[in-house]
Amino acid sequence: MVRFTEENTKHVDKETGNKSNTDVTTTKKKVLQDLIINNGGGLINSWVDSMRACSPTHLKSLMKQSSWLKEHPSALDMFEEILHASEGKQVVMFLDYDGTLSPIVDDPDRAFMSKQMRRTVRNLANCFPTAIVSGRCREKVYNFVKLTELYYAGSHGMDIKGPEQGSKYEEDKSLLCQPATEFLPVIDEVYQKLMEKTKSTPGASVENNKFCVSVHFRRVDEKNWSDLASQVRSVMKDYPKLRLTQGRKVLEIRPIIKWDKGKALEFLLESLGYANCTNVFPLYIGDDRTDEDAFKILRERRQGLGILVSRSPKETNASYSLQEPDEVMDFLQRLVKWKQLRSGA
């Protein structure tokens, strides 16, 4: 089993290993990224400010697009550089789902991936070990993707299962990791209470993702965000072992355990036999705040790289960027073609 230590880590430059002044663990970002439940008087206002910060209609450029792209260039433009960095190493792929393999949509139950994207991911899995790492529950992600040869890490990595069939990594069929099983009853209880509490807010939807609960506010009028935040807090205040984090127009209620997408990445690498290897090259592609945990792990390990999917400049620990799922598909197809050509040679 993977052992983890809690450390204060900084944003590390991919070339020099030096700590950067653009460290994303500043006090301001910490408030926005990890909202721990407490009794502070300004808590609701902080939540609403954070909800606005996550909304594409309110995103403010942290720096000019051109300067941001110099620091986080397009993974398509820098494809040859990425290949050079992975030379002689085993590439392992980690992919978020919503906003990465499928477009962000108003109704989370209709976040379907295209047939072309599914075919691309299947081809990718035939070339490299491939995992889907999502905030959704594992079963829902599987029902969207419908590929048995992948690793699936649902609930922000708290529910991991190996391939069922068709994978070159047959020994991992029995792989199962669920570090938050003891929280299942309380998560279900909170889900029921949030369903009841938020039903008066038009457009709000609550999703049970097994080891976490998601409150979606994409279709909620902004004038009602404060009411929604109050409703969520009225439930959360009775559950000190749960915490609130945020994604793209979604509030996430999760157990307070030392586990996230970064820990899931490390667990999967160890399960594949790459825990302490220098000849592995993890590639993680994601669009959400929760993916930053994985980007940060790759920075700390000085191994592999992260690619942020975003149209707008954002502070990130990712090294490169892509703008949308179509660009993600283009990048993955190039990887597959490169691998197939090398295998043929």
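Further up the page is the structure itself.
As the structure is a computational prediction, the values presented were derived from the model and not from experiment. (Residues numbered from 1 in each chain as written. Predicted model: local features only at pLDDT ≥ 70, side-chain atom pairs only at ≥ 80, totals over all residues. Heavy atoms only, no water.)

Quick look at the pairing of strand 7 (residues 205-208) now. The two faces of the sheet receive side chains in turn, since in a regular strand these alternate between them. The sheet contact formed by strand 7 and strand 8 (residues 213-216) spans four bridges and is antiparallel. Looking across to strand 8, one finds that Ser205 is bridged to His216. Hairpin connection between strand 7 and strand 8: a loop of four residues separates the two successive antiparallel strands, and Lys210 in this loop has a positive phi of roughly 70°. (Pairing = 2+ DSSP bridges. Helix = DSSP H or I, 4+ residues; strand = E, 2+ residues; numbered from the N terminus.)

Turning next to the environment of Gly135. Following the sequence through the fold, Gly135 ends up in the loop between strand 3 (130-133) and helix 6 (138-145). Put simply, Gly135 and Phe211 are 76 residues apart on the chain and 9.4 Å apart in space, counted from C-alpha to C-alpha. Apart from residues lying up to four places away in sequence, Gly135 is in contact with Ser155, His156, Asn209, Cys212 and Lys261. (Contact = heavy atoms within 4.5 Å.)

Here we come to helix 10 (residues 292-301). Spacing of three or four residues puts side chains on the same side of an α-helix, whose turn is 3.6 residues. Those residues of helix 10 that fall on the buried side of the exposure criterion are Glu292, Ala294, Phe295, Ile297, Leu298 and Arg299. Taken from the residues just after helix 10, Arg302 is the one with a positive phi, measuring 50°. (Buried < 20%, exposed > 50% of the residue type's maximum accessible area, 1.4 Å probe, protein only.)

Our next topic: the packing of aromatic side chains. Aromatic ring pairs are reported here in terms of the distance separating the ring centres and the angle at which the planes meet. All chains considered together, the criterion is met by eight aromatic pairs. On the numbers, 5.6 Å between centres and 85° between planes, the contact of Phe79 with Phe331 is edge-to-face. Pair noted here: Phe79 is in helix 4 (residues 79-85) and Phe331 is in helix 11 (residues 325-344), with a separation of 252 residues, a long-range link. Judged on exposure class, the residue Phe79 and its partner Phe331 are both buried. (Phe/Tyr/Trp six-rings, centres within 6.5 Å; stacked < 30°, edge-to-face > 60°.)

The subject of this paragraph is the sheet that holds strand 13 (residues 320-322). Spatially, 6-5-4-3-2-11-12-13 is the arrangement adopted by the eight strands of the open sheet, whose pairing is mixed. Here the strands that pair on one side only, and so sit at the sheet edges, are strand 6 (176-177) and strand 13. Examined bridge by bridge, strand 12 (residues 305-309) and strand 13 share three bridges and lie parallel to one another. In the strand pairing of strand 13, Leu308 is matched with Ser321. With respect to the sheet, helix 10 is in contact with strand 11 (280-286) and strand 12, its orientation differing from that of strand 12 by roughly 150°. (Axes fitted to C-alpha atoms, helices over the stretch in contact; angles between N-to-C directions.)

For the structure on display, the rule yields 18 salt bridges. Here Arg136 ties to Asp98 by a salt bridge, and the two come within 2.8 Å at their closest N and O atoms. With Arg136 in the loop between strand 3 and helix 6 and Asp98 in the loop between strand 2 (90-95) and helix 5 (115-127), this residue pair connects regions lying 38 residues apart in the sequence. Arg248 is the salt-bridge partner of Asp287, the closest N and O atoms lying 2.5 Å from each other. Remark: Arg248 occurs in the loop between strand 9 (242-247) and strand 10 (250-255) and Asp287 occurs in the loop between strand 11 and helix 10; sequence separation between them is 39 residues. Taking relative accessible area as the criterion, Arg248 reaches 26% and is therefore assigned partly exposed. (Salt bridge = Lys/Arg side-chain N within 4 Å of Asp/Glu carboxyl O.)

For the pair helix 9 (residues 261-271) and helix 10, interaxial distance at closest approach is 6 Å and the crossing angle is 55°. Compared by their axis directions, helix 9 and helix 10 come out oblique. Residue-level inspection shows Lys261, Gly262, Leu265, Glu266 and Leu269 of helix 9 in contact with helix 10, the latter providing Asp293, Ala294, Ile297, Leu298 and Arg301. (Parallel < 35°, antiparallel > 145°, perpendicular 65-115°, else oblique.)

Strand 2 sits mainly inside the fold: five of its six residues count as buried. Across three bridges, the pairing between strand 2 and strand 3 is parallel. Following the sheet pairing, Leu95 is matched in strand 3 by Ile132.

Given a rise of 1.5 Å per residue, 20 residues ought to cover 28 Å, and the 28 Å separating the end C-alpha atoms of helix 11 matches this to within 8%. Elements that come into contact with the buried residues of helix 11 comprise helix 4, strand 2, helix 5, strand 11, strand 12 and strand 13. (Expected span 1.5 Å × (residues − 1).)

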